[in-house]
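Architecture at a glance
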Amino acid sequence: MNVNYIDIGEGSAVLFLHGWGAPAGLYMPVLKHLSKSFRVLAPDLPGFGGTNEPDTPWGTGEYVKFAQDFLAERGVTECTLIGHSHGGRMIFNWLSAEIQPVAVNKAVICAGAGLKPRRGLKYYLKVYTYKALKRLPLGKLKEKYIKKAGSADYAAASPMMRRVLTRVVNEDYTGVLSRIKQPVLLVWGDMDTATPIAHGQTCERLMPDAGLVTLKGGTHYAILEQTPLFLRVLEVFLNG
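Residues numbered from 1 in each chain as written. Predicted model: local features only at pLDDT ≥ 70, side-chain atom pairs only at ≥ 80, totals over all residues. Heavy atoms only, no water.

The subject of this paragraph is unusual backbone geometry. Even without glycine at this site, Ser85 takes up a positive phi of about 55°. Judged by its relative accessible area of 11%, Ser85 is buried. Backbone geometry places Ala111, a non-glycine residue, at a positive phi of 50°. You can see Ala111 is positioned in the loop between β5 (103-110) and α4 (121-134). Look at Ala111 and you get buried, because its relative accessible area is 3%. (Buried < 20%, exposed > 50% of the residue type's maximum accessible area, 1.4 Å probe, protein only. Helix = DSSP H or I, 4+ residues; strand = E, 2+ residues; numbered from the N terminus.)

Once that is clear, we can look at the packing of helix α2 (residues 60-73) against helix α3 (residues 86-96). Where α2 contacts α3, the axes come no closer than 9 Å and their chain directions differ by 85°. In terms of their interaxial angle, α2 and α3 are classed as roughly perpendicular. Together, Thr60, Gly61, Tyr63, Val64, Ala67, Gln68 and Leu71 of α2 and His86, Arg89, Met90, Asn93 and Trp94 of α3 make up the contact between the two elements. Residue composition of the contact of α2 with α3, by class: six nonpolar, five polar and one charged. (Axes fitted to C-alpha atoms, helices over the stretch in contact; angles between N-to-C directions. Parallel < 35°, antiparallel > 145°, perpendicular 65-115°, else oblique. Contact = heavy atoms within 4.5 Å. Nonpolar A, V, L, I, M, F, W, Y, C, P; charged D, E, K, R; others polar.)

Judged by how many residues are buried, strand β3 (residues 39-43) sits mostly within the fold: four of five residues are covered. Both strand β1 (residues 5-8) and β3 contribute to a ladder of four bridges, which runs antiparallel. Across the sheet, residue Tyr5 finds its bridge partner in β3, namely Pro43. In terms of strand pairing, strand β2 (residues 13-17) meets β3 through three bridges, oriented parallel. Opposite Ala13, over in β3, you have Arg39 as the bridge partner. Handedness of the crossover joining β2 and β3 through helix α1 (residues 28-34) is recorded here as right-handed. (Pairing = 2+ DSSP bridges. Right-handed = clockwise from strand over helix to strand, strands pointing away.)

A word on the sheet that holds strand β6 (residues 184-189). The strand order across the open sheet built from seven strands is β1-β3-β2-β4-β5-β6-β7, with neighbouring strands paired in mixed fashion. Edge positions in the open sheet fall to β1 and β7 (210-215), since each of these has one partner strand only. Taken over all neighbouring pairs, the strand axes of this sheet differ in orientation by 15° on average, direction set aside. Where strand β4 (residues 78-84) meets β5, six bridges bridge the pair, whose relative direction is parallel.

Under the counting rule described, the total for this entry stands at four salt bridges. One salt bridge connects Asp7 with Arg74, and the closest N-O pair in it is separated by 3.1 Å. Of this pair, Asp7 sits in strand β1 while Arg74 sits in the loop between α2 and β4; the two residues are 67 residues apart in sequence, bridging distant segments of the chain. Its relative accessible area of 30% is what places Arg74 among the partly exposed residues. A salt bridge links Glu62 to Arg167; the nearest nitrogen and oxygen atoms lie 3.8 Å apart. Here the residue Glu62 occupies a position in helix α2, and Arg167 occupies one in helix α7 (residues 159-169), the gap between them amounting to 105 residues. The partly exposed category is assigned to Arg167, whose relative accessible area is 39%. Each of Asp7, Arg39 and Arg74 takes part in one network of salt bridges that share partners. (Salt bridge = Lys/Arg side-chain N within 4 Å of Asp/Glu carboxyl O.)

Distances and angles like these do not, on their own, reveal function.
Rendered as structure tokens:
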């Protein structure tokens, strides 16, 4: 697999895990700032940016294994994790596992995906209609409905990455959050509609050593909308 990645700065290692469809370079203002004090590693995850798609429909566990192998390849045995959205889902998976081949000191989860939202009847009617139509040989009509009814991420994805997305979005880490013992900083925008602030509050309640910082008026990309504030909070957590 050809992997596109960023490796800048010197010092203790920080691994940055980007969100779905948002390659590592999108977060460069954050990465450059961190590189003043840390060695920052940020790969494009498989299927995004300049890195190949996986050959099979991966789940989050395979993405975590990839990240751990990437660190081993770069000679890193201990790090701090920072993840946004899908990257946050990876951290849930990583830190709740019994065996962790890479020592993690601290973690920062920003608008982390991986907790199932509460759904109403309208949502389930839409889902079951969608699943039924997928099985029918309707050609262009079916594809048109998929693009309209599915998420923007699903509509934009390749066939393989649609299968990957279907796997990862159906994972729910609520039941294993209590296993995460590392100190965790949670950062959420209170206007996030993709991973609502309630998910951050759930994480804070269930994790033994977690604290939630709310970015007022922030959306799912609050850490890029309010970067100076996010970086000040991050510095206190990482250096304190």
